[in-house]
Amino acid sequence: MSGQQTEPRPPRWLKPMNKVMMAVQRLGVPTGPAMVLTVPGRKSGVPRSTPMTPFDHDGGLYTVAGYPGSDWAANARAAGAGTLTRGRRSRPVKIVELTPDESRPVLRAFAVKVPVGVGFAKRSGLVVDGTPDEFEALAGRLTVFRFDPA
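Note that the coordinates shown come from a computational prediction; the quantities given were computed from them, not determined experimentally.

Novice: What am I meant to see in the confidence of the model for the protein here?
Specialist: In low-pLDDT regions, the fine details of the predicted coordinates are not to be read closely. Averaged over the protein, the pLDDT score is 85; the fraction of residues at 70 or greater is 78%. Looking across the protein, the model is least confident in helix α1 (residues 14-26), with a mean pLDDT of 59, and most confident in strand β7 (residues 144-149), with 98.

The structure is reproduced here in structure tokens:
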């Protein structure tokens, strides 16, 4: 065994749950703070949609990838732009990836403003208690994006 830490993997129920969330959104039913980000796939170019929970921080709209190395984050990074949808309302956005230093205050805010994300991170083993300090320590491991108007 090498001493290298393995990153947590998404639970098996995540993809089916994401499909349910997207179907509900397509019906025009807002699902709390959740939105759906659609970007072209980085290899296929086929539109890829992922539910997420963006949150406001210091006048900007941000999201945090739930897992290191997530496919949707790689697609968003490659695309640089996409569409955010909530219920029947969509808007084009520019997707800006933050550096680890820029992401620290956003990760601290995430710990307070996105309880569902904190629970998810606790269940996956990324954090123990879900404190702002624990989330700030994930800078450089979790991708953080800002959505700017396109």
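Novice: Whenever I open this one, the sheet that holds strand β3 (residues 55-57) confuses me. Can you help?
Specialist: Backbone hydrogen bonds are what pair the strands of a sheet, in a parallel or an antiparallel way. Pairing in this open sheet of 7 strands is antiparallel, and the strands run β2-β1-β5-β6-β7-β4-β3 from one edge to the other. Edge positions in the sheet fall to β2 (47-52) and β3, since each of these pairs with one other strand and no more. Across the sheet, the mean angle separating the axes of adjacent strands is 40° when strand polarity is ignored. Seen against the sheet, helix α2 (residues 71-79) touches β1 (35-40), β2, β4 (60-64), β5 (81-86), β6 (89-97) and β7 and runs at an angle of roughly 60° to β1. Across the face of the sheet, helix α3 (residues 100-113) comes into contact with β3, β4, β6 and β7 while running at roughly 125° to β3.

Novice: Would you mind showing me how to read the pattern of salt bridges here?
Specialist: Between side chains of opposite charge, a pair can form when the charged atoms approach closely. This model, assessed by the stated rule, comprises 6 salt bridges. Residues D71 and R42 are paired through a salt bridge, measuring 3.6 Å at the closest nitrogen-oxygen approach. Taken together, the residues span a long stretch of sequence, with D71 in helix α2 and R42 in the loop between β1 and β2 at a distance of 29 residues. The shortest N-O distance in the salt bridge between D133 and R108 comes to 2.6 Å. Note that D133 is positioned in helix α5 (residues 132-136) and R108 in helix α3, a separation of 25 residues in sequence.

Novice: What should I look at first to understand the packing of aromatic side chains in this one?
Specialist: Remark: the centre distance and the inter-plane angle together describe each pair of aromatic rings, the angle taken between the planes. Summed over the entire model, instances satisfying the criterion amount to 4 aromatic pairs. Ring centres of F55 and Y62 lie 6.4 Å apart, and the angle between their planes is 40°; on these two criteria the pair is classed as tilted. The pair F55 / Y62 is uniform in exposure class, with both members buried. A ring pair is formed by W72 and F145, whose centres lie 5.7 Å apart and whose planes are at 55°; its orientation type is tilted. One end of the pair, W72, is in helix α2; the other, F145, is in strand β7, with 73 residues separating them in the sequence.

Novice: When you look at the nonpolar core in this model, what are you seeing that I'm missing?
Specialist: Where a protein is soluble and globular, its nonpolar side chains tend to be buried together. Grouped together as the largest cluster of nonpolar side chains are 19 residues, with contacts concentrated most on F55, V64, F135 and V144. Residue assignment for this core shows that the elements contributing at least two residues are β4, α3 and α4 (115-124). A total of 5 residues in this core trace back to one element, the largest contributor, which is α3.

Novice: Can you help me understand the environment of V116 in this one?
Specialist: Assignment of secondary structure puts V116 in helix α4. Judged by its relative accessible area of 52%, V116 falls in the exposed class. Considering only alpha carbons, one finds V116 and T53, 63 residues apart in sequence, at a separation of 8.5 Å.

Definitions and cut-offs
- Residues numbered from 1 in each chain as written.
- Predicted model: local features only at pLDDT ≥ 70, side-chain atom pairs only at ≥ 80, totals over all residues.
- Heavy atoms only, no water.
- pLDDT = per-residue confidence, 0-100.
- Helix = DSSP H or I, 4+ residues; strand = E, 2+ residues; numbered from the N terminus.
- Pairing = 2+ DSSP bridges.
- Axes fitted to C-alpha atoms, helices over the stretch in contact; angles between N-to-C directions.
- Contact = heavy atoms within 4.5 Å.
- Salt bridge = Lys/Arg side-chain N within 4 Å of Asp/Glu carboxyl O.
- Phe/Tyr/Trp six-rings, centres within 6.5 Å; stacked < 30°, edge-to-face > 60°.
- Buried < 20%, exposed > 50% of the residue type's maximum accessible area, 1.4 Å probe, protein only.
- Core = buried A, V, L, I, M, F, W, Y, C linked by side-chain atoms within 4.5 Å.

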